[in-house]
Amino acid sequence: MADDRLSVIFAALADPTRRAILARLAEGDATVTELAEPFAISLPAISRHLKVLENAGLITRARSAQWRSSSLNPEPLREATAWMERYRQFWDTNFDRLDAHLKRMQAQAEQHEQ
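Residues numbered from 1 in each chain as written. Predicted model: local features only at pLDDT ≥ 70, side-chain atom pairs only at ≥ 80, totals over all residues. Heavy atoms only, no water.

Engineer: Is there a simple way to think about a nonpolar patch on the surface in this case?
Structural biologist: Together, W83, M84, Y87, F90, W91, F95, L98, L102 and M105 make up a nonpolar patch on the protein surface, roughly 920 Å² of accessible area in all. Position of M84 among the secondary structure elements: in helix α5 (residues 75-113). (Patch = residues over 30% accessible without salt bridge, like charges linked within 9 Å, V, L, I, M, F, W, Y side chains within 5 Å. Areas by Shrake-Rupley, 256 points an atom, 1.4 Å probe, with all protein chains shown as cover. Salt bridge = Lys/Arg side-chain N within 4 Å of Asp/Glu carboxyl O. Helix = DSSP H or I, 4+ residues; strand = E, 2+ residues; numbered from the N terminus.)

Engineer: I tried to follow the packing of helix α2 (residues 16-25) against helix α4 (residues 43-55) on my own but got confused; where do I start?
Structural biologist: Across the interface, α2 lies against α4 with an axial gap of 10 Å and an inter-helix angle of 75°. Overall, the two elements α2 and α4 adopt an arrangement that is roughly perpendicular. Touching T17, R18, I21 and L22 of α2 are I46, H49, L50, V52 and L53, all from α4. Across the contact of α2 with α4, the residue classes tally to 6 nonpolar, 2 polar and 1 charged. (Axes fitted to C-alpha atoms, helices over the stretch in contact; angles between N-to-C directions. Parallel < 35°, antiparallel > 145°, perpendicular 65-115°, else oblique. Contact = heavy atoms within 4.5 Å. Nonpolar A, V, L, I, M, F, W, Y, C, P; charged D, E, K, R; others polar.)

See below:
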């Protein structure tokens, strides 16, 4: 896998379980057990997902006595969003041009019908 930061972030986001974990952490910090509740997978599997998210910088993990909680770190999501924003602008511009072209074609068709 590529070592650049965006590749690591997008690779972490590629998995639906990890996206669901991030959605849960957006509501507040949680322990591994709390994060595992909605999934039919083992605690070690959840821990592996958390490790991927932590390596991507998407979460931070803290230990307090026997509890280990995870927290969402939104900064990598901002980076990914900023990268995608350039392409959203590109597509918006192209869709606007396509819309204008279709309106011209429709107007021409209406003129030919008259």
